[in-house]
Amino acid sequence: MPDALPVLDDLRDESEELDTLVAELSRDQWSLATPAPGWTIAHQIAHLAWTDRAALLAATDPGAFAAEVDKAAAAPDSFVDEGAAEGAALPPAELLGRWRSGRDALARVLAKAPAGTRLPWYGPPMAVPSMATARLMETWAHGQDVADALGVRRPATGRLRHVARIGVRARDFAFAVHGLTAPGEEFRVELTAPGTGEVWAYGPEDAAQRVTGPGLDFCLLVTRRAHRADLAVRAEGPDADRWLDVAQAFAGPPGAGRAPGAATEGAGA
């Protein structure tokens, strides 16, 4: 599936960068608290491994995956935490091995999927490139939690364009999940790519309302890894301004997000 291959390459690189960050951690470091309440570094990696396994099941056994969706529907407030806790209880070496084997198996299956394949998911079915992009977004976002726990500042890369694109495409969902009506008009979004100065642009050039800023900051915003007040993302127009308060790139409830002045720093902070 040619249109998925570049995203899969970026997903591999994003995963390997996070793998390097955790591969040599001590057992005590695996137990370090991250900014997500109640989640250690082990919980973060366990969540990625759990979601990769779920995506692999969706791609290879839709019937079995449907049963997992039913389980999630029966415990919507706890099934994600329970999955993370189960993996976090494993010895670090075993957890790391599960994450590596699961993500590799998923990548192989997605790379071989026929054109036009749509995979069942916890929300609407997803095209293969969309599934790969969502896995990259989650890997980067949870990797940010790990980096914050370790006090590490990761270099921003061009792979963030995938995260930014999801954040823009999820605009109306973000309004809806907060009980708000999405604006009828599109916004213009212009983000500066890290390192190159390239501009990632979305929406009509003549849109009345706009969002601008560093691509890194926008990605931190839509993954709720930093508070808006600590970022250099700017809005022009009342609806665009409201969006920056509720923006998120991921499905599910928004959660509390980071408080102003929390550890993660954006490019413009």
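In case you missed it, the structure is sitting above this.
Residues numbered from 1 in each chain as written. Predicted model: local features only at pLDDT ≥ 70, side-chain atom pairs only at ≥ 80, totals over all residues. Heavy atoms only, no water.

**Concerning the overall build of the protein**
Reasoning step 1: Along its length, the protein carries 11 helices and six strands.
Reasoning step 2: Over its C-alpha trace the protein gives a radius of gyration of 18 Å, about what one expects of a compact globule, namely 18 Å for 269 residues.
Reasoning step 3: The 269 residues of the protein split such that 47% are buried.
Reasoning step 4: Long-range pairs, those at least 24 residues apart, make up 68% of the contacts in the protein with a sequence separation of at least 6.
Reasoning step 5: Carbon together with sulfur atoms contributes 54% to the accessible area of the protein, which is approximately 12,500 Å² in total.
Reasoning step 6: Of the charged side chains in the protein, 26 are positive and 37 negative, and the gap between their average positions amounts to 2 Å. (Helix = DSSP H or I, 4+ residues; strand = E, 2+ residues; numbered from the N terminus. Rg over C-alpha atoms; globule rule 2.2 N^0.38 Å. Buried < 20%, exposed > 50% of the residue type's maximum accessible area, 1.4 Å probe, protein only. Contact = heavy atoms within 4.5 Å. Areas by Shrake-Rupley, 256 points an atom, 1.4 Å probe, with all protein chains shown as cover. Lys, Arg positive; Asp, Glu negative; His and termini not counted. Charge placed at Lys NZ, Arg CZ, Asp CG, Glu CD.)

**Things to note about the packing of aromatic side chains**
Reasoning step 1: Applying the stated criterion across every chain yields a total of eight aromatic pairs.
Reasoning step 2: Arranged with centres 5.7 Å apart and planes meeting at 40 degrees, the rings of Phe 79 and Tyr 122 form a pair that is tilted. Of this pair, Phe 79 sits in helix H5 (residues 79–88) while Tyr 122 sits in the loop between strand E1 (118–119) and strand E2 (126–127), and the two are 43 residues apart along the sequence.
Reasoning step 3: Members of the aromatic cluster, each reached through a chain of ring pairs, are Trp 50, Phe 65, Phe 79, Trp 121 and Tyr 122.
Reasoning step 4: Taking the ring centre of Trp 99 as reference, the NZ or CZ of Arg 103 above it sits at 4.3 Å.
Reasoning step 5: The ring of Phe 187 carries Arg 171 above its face, with NZ or CZ at 4.4 Å from the centroid. (Phe/Tyr/Trp six-rings, centres within 6.5 Å; stacked < 30°, edge-to-face > 60°. Lys NZ or Arg CZ within 6 Å of the ring centre and 35° of its normal.)

**Describing unusual backbone geometry**
Reasoning step 1: A positive phi angle, near 60 degrees, is found at Arg 224, a position not held by glycine.
Reasoning step 2: On the secondary structure map, Arg 224 appears in the loop between helix H10 (215–222) and strand E6 (234–236).

**Focus on the nonpolar core**
Reasoning step 1: Judged by nonpolar contacts, the single largest core of 51 residues is most densely connected at Leu 110, Trp 121, Trp 140, Val 163, Val 211, Phe 218 and Trp 243.
Reasoning step 2: Among the elements that line this core, the one with the most residues is helix H7 (residues 128–150), at eight residues.
Reasoning step 3: With sequence-adjacent residues up to four places away left out, Trp 140 is seen in contact with Glu 14, Arg 154, Leu 160, Val 163, Leu 216, Cys 219, Leu 220 and Thr 223.
Reasoning step 4: Grouped together as the second largest cluster of nonpolar side chains are 16 residues, Leu 18, Ala 42, Leu 95 and Val 146 included. (Core = buried A, V, L, I, M, F, W, Y, C linked by side-chain atoms within 4.5 Å.)

**Observations regarding the environment of Leu 57**
Reasoning step 1: With respect to the element layout, Leu 57 can be found in helix H3 (residues 41–60).
Reasoning step 2: On the basis of relative accessibility, which here comes to 26%, the residue Leu 57 falls in the partly exposed class.
Reasoning step 3: Measuring from C-alpha to C-alpha, the distance between Leu 57 and Leu 119 comes to 9.7 Å, with 62 residues separating the pair along the chain.
Reasoning step 4: With sequence-adjacent residues up to four places away left out, Leu 57 is seen in contact with Pro 62, Ala 64, Phe 65 and Glu 68.

**A few points about the sheet that holds E6**
Reasoning step 1: A sheet is described by the order of its strands in space; here four strands give the open sequence E4-E3-E5-E6, paired in mixed fashion. Every other strand in the sheet has two partners, leaving strand E4 (199–202) and E6 as the edge strands with one partner each. Shown here is a sheet whose adjacent strand axes are inclined to one another by a mean of 10 degrees, direction ignored.
Reasoning step 2: Here strand E3 (residues 188–192) pairs with strand E5 (residues 210–214) via five bridges, running parallel. The residue of E5 that forms the bridge with Thr 192 is Pro 214.
Reasoning step 3: Those strands touched by H10 are E3, E4 and E5, and its axis lies near 110 degrees from that of E5. (Pairing = 2+ DSSP bridges. Axes fitted to C-alpha atoms, helices over the stretch in contact; angles between N-to-C directions.)

**What about the environment of Leu 90?**
Reasoning step 1: Along the chain, Leu 90 turns up in the loop between H5 and helix H6 (92–112).
Reasoning step 2: With 48 residues separating them in the primary sequence, Leu 90 and Ala 42 have C-alpha atoms 8.7 Å apart.
Reasoning step 3: Apart from residues lying up to four places away in sequence, Leu 90 is in contact with Leu 95 and Arg 98.

**Structural notes on the pairing of E3**
A regular strand places its side chains on the two faces of the sheet in alternate fashion.
Reasoning step 1: When E3 meets E4, the two strands line up antiparallel, connected through four bridges. Its bridge partner being in E4, Glu 190 is matched across the sheet by Ala 201.
Reasoning step 2: Once E3 ends, the chain turns through six residues before running back antiparallel as E4, passing Gly 195 with a positive phi of about 85 degrees.

**What about helix H8 (residues 160–169)?**
Reasoning step 1: Most of H8 sits out of view: seven of its 10 residues are buried.
Reasoning step 2: For H8, the complete set of buried residues consists of Leu 160, His 162, Val 163, Ala 164, Ile 166, Gly 167 and Val 168.

**Comments concerning the packing of helix H1 (residues 5–22) against H6**
Reasoning step 1: Where H1 meets H6, the closest approach of the two axes is 11 Å, and the angle between their N-to-C directions is 175 degrees. When the axes of H1 and H6 are compared, the pair comes out roughly antiparallel. Counting all contacts with H1, which are made through Leu 5, Leu 8, Ser 15, Glu 16, Leu 18, Asp 19 and Val 22, the residues of H6 involved are Leu 96, Trp 99, Arg 100, Arg 103, Ala 107, Leu 110 and Ala 111.
Reasoning step 2: Here the contact of H1 with H6 is built from residues that sort into nine nonpolar, one polar and four charged. (Parallel < 35°, antiparallel > 145°, perpendicular 65-115°, else oblique. Nonpolar A, V, L, I, M, F, W, Y, C, P; charged D, E, K, R; others polar.)

It is worth stressing that arrangement in space is one thing and function is another; only the former is reported here.
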